[in-house]
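# Descriptive structure summary
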Amino acid sequence: MRLAYRPALFAVCAAVLGCAAVGCAPQDASSEGAAGAGKASCARGKLDTVTAGKVTVGTDKPAYAPWFQDDDPANGKGFESAVAYAVADRLGYPRSAVTWQTVPFNNAFAPGEKKFDFDINQTSISAPRKQAVAFSSGYYAVRQAVVALKGSKAAKAKSIADLKGVRLGAQVGTTSLDVINDTIRPHQRPAVYQKNDFAKSALKNHQVDAILIDLPTAFFITSTEVKDAKVVGQFADTGADGEQFGLVLDKQSRITGCVRAAVDALRKDGTLAALEKKWLADTAHAPVLK
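Residues numbered from 1 in each chain as written. Predicted model: local features only at pLDDT ≥ 70, side-chain atom pairs only at ≥ 80, totals over all residues. Heavy atoms only, no water.

Across the protein chain, the average pLDDT comes to 87, with 84% of residues at or above 70. Segment residues 1-40: pLDDT under 50, and 46 contacts once partners within four positions in sequence are set aside and those in other chains are kept. (pLDDT = per-residue confidence, 0-100. Contact = heavy atoms within 4.5 Å.)

Structure follows, in structure tokens:
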């Protein structure tokens, strides 16, 4: 219905509409421009998603264990596959309403519009990445670890200083590579690989002495993929909250606040802890490198 522009009526309507806008419009949850988690913006199953009525989830390929199983993110097996479905369910989308999209790791947090609603791929929340994308709250607290071939100089390392003289490698764009450059600061430039598969192959072929990777993946690699390798140790938490994996969203996504609220609820009710216990190996026995 179109209203005539009568001065008095217009003033009243403007006031009413102004109040409505304050009370009902999606609110920014942070400087990242995320929509708030109010009832109006987070109605279950009715979010402003890429495809109406569905949630599109991105991840890289191959999809590595223990985060995924059988290189099939859609099967619900593996920690991150299970987390993605749990978040979608909390948002009001059943498993049948979740679709998966292949997104190379570095593309997930590169600047530009995204074609997914959120991406889950062991992506650490960091200030530089927040310049290009938005994040959920953390769904997993992670530490970086060193995997080395048994009998190598790197395998005998007891401290960070012991790693300075060995050949190290890591995937491009990862926190693992940051730890090499900023914490270890080796004497020679590290080898950088597009995918972790290439880094593992380099380790097998003795092209590097050790690779850096997140701790759960490190245990999986040494138990099933490179059995002549060992987990040398892990690095201490950095920052007030340590390193956290977060779901990646478009910088301008209107559902970021809703996704954050979903992750927070899953943490509070124990779902994340239960999924971590089910899918991720115990990492308490890995020594801390100092």
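Further remarks concern the packing of helix α2 (residues 79-90) against helix α8 (residues 256-268). Between α2 and α8, the least distance of the axes is 9 Å, while the angle of their chain directions is 110°. When the axis of α2 is compared with that of α8, the two are roughly perpendicular. When the axes of α2 and α8 are compared, the crossing they make is right-handed. Across the interface between the two elements, A86, V87 and R90 from α2 touch V259, A262, V263, A265 and L266 from α8. (Axes fitted to C-alpha atoms, helices over the stretch in contact; angles between N-to-C directions. Helix = DSSP H or I, 4+ residues; strand = E, 2+ residues; numbered from the N terminus. Parallel < 35°, antiparallel > 145°, perpendicular 65-115°, else oblique. Left-handed = near helix turned anticlockwise from the far one by under 90°.)

Going from K61 to P62, the amide bond is cis rather than trans, its omega being 5°. Within the secondary structure, P62 sits in the loop between β1 (55-59) and α2. The amide bond that connects A65 to the next residue, P66, takes the cis arrangement and shows omega of 5°. Relative to the helices and strands, P66 is located in the loop between β1 and α2.

This part is about the pairing of strand β4 (residues 133-142). Among the ten residues of β4, nine are classified as buried, and the element is accordingly described as predominantly covered. Of the pairings in the sheet, the one linking β4 to strand β10 (residues 243-250) comprises seven bridges and is antiparallel in character. Paired with A134 across the strands is L249, a residue of β10. (Buried < 20%, exposed > 50% of the residue type's maximum accessible area, 1.4 Å probe, protein only. Pairing = 2+ DSSP bridges.)

Before going further, it helps to spend a moment on the environment of V263. Its location among the elements puts V263 in helix α8. With a relative accessible area of 1%, V263 lands in the buried category. As for V263 and A86, which are separated by 177 residues in sequence, their C-alpha atoms are 8.8 Å apart. Sequence-distant contacts of V263, that is, excluding residues within four places in its chain, are made with V87, S136, S137, G138, Y139, L247 and L272.

With that settled, the discussion passes to the pairing of strand β2 (residues 98-102). Of the strand pairs in this sheet, β1 and β2 are connected by five bridges, and their pairing is parallel. Paired with V57 across the bridge in β2 is W100. Chirality of the crossover, the property in question, places the unit of β1, α2 and β2 among those that are right-handed. (Right-handed = clockwise from strand over helix to strand, strands pointing away.)

What follows covers the state of the cysteines. Counted according to the given criterion, the structure contains one disulfide. Each sulfur of the disulfide joining C42 and C258 lies 2.0 Å from the other. Disulfide C42-C258: the torsion about the S-S bond is -90°, which places it as left-handed. Within this pair, whereas C42 is found in the loop between α1 (7-24) and β1, its partner C258 is found in helix α8, the two being separated by 216 residues in sequence. (Disulfide = S-S within 2.5 Å.)

The pairing of strands in a sheet comes from backbone hydrogen bonds and takes either a parallel or an antiparallel form. Spatial strand order, β7-β6-β8-β5-β9-β11: six strands in an open sheet with mixed pairing. Looking at the sheet topology across the chains shown, the edges are occupied by β7 (191-193) and β11 (288-289). Where strand β9 (residues 229-235) meets β11, two bridges bridge the pair, whose relative direction is parallel. What sits directly across from Q234, in β11, is V288. Sitting on the sheet, helix α7 (residues 215-225) touches β5 (144-149), β8 (210-214) and β9, and the angle it makes with β8 is about 125°.

In this section: helix α5 (residues 175-184). If you check which residues of α5 are buried, you get T175, S176, L177, V179, I180 and I184. Downstream of α5 by one or two residues, R185 has phi in the positive range, about 55°.

One broad rule of soluble globular proteins: the nonpolar side chains tend to lie buried together. Ranked by size, the top nonpolar core spans 37 residues in total, and within it V87 and Y139 carry the most contacts. Per-element tally for this core: the top contributor is α2, with eight residues. Filtering out sequence-adjacent residues up to four positions away, Y139 remains in contact with F79, E80, V83, I120, N121, Q122, Q244, F245, G246, L247, V263 and L272. I160, L163, V166 and I184 belong to the second largest nonpolar core, which has 19 residues in total. (Core = buried A, V, L, I, M, F, W, Y, C linked by side-chain atoms within 4.5 Å.)

Further remarks concern the packing of aromatic side chains. Under the definition given, this model contains ten aromatic pairs. Relative to F245, the ring of Y140 has its centre 5.9 Å away and its plane inclined at 40°; by these criteria the two rings are tilted. Taken together, the residues Y140 in strand β4 and F245 in strand β10 connect sequence positions 105 residues apart. For Y140, a relative accessible area of 6% puts it in the buried group. Exposure remark for F245: the relative accessible area of 1% places this residue in the buried category. An aromatic cluster is defined as three or more aromatic residues linked by ring pairs; in this entry it consists of W67, F79, Y139, Y140 and F245. Stacked on the ring of Y85, the Lys or Arg R95 has its end atom at 4.8 Å from the ring centre. Its guanidinium or amino end placed over the ring of F109, R129 lies 4.2 Å from that ring's centre, counting from NZ or CZ. (Phe/Tyr/Trp six-rings, centres within 6.5 Å; stacked < 30°, edge-to-face > 60°. Lys NZ or Arg CZ within 6 Å of the ring centre and 35° of its normal.)

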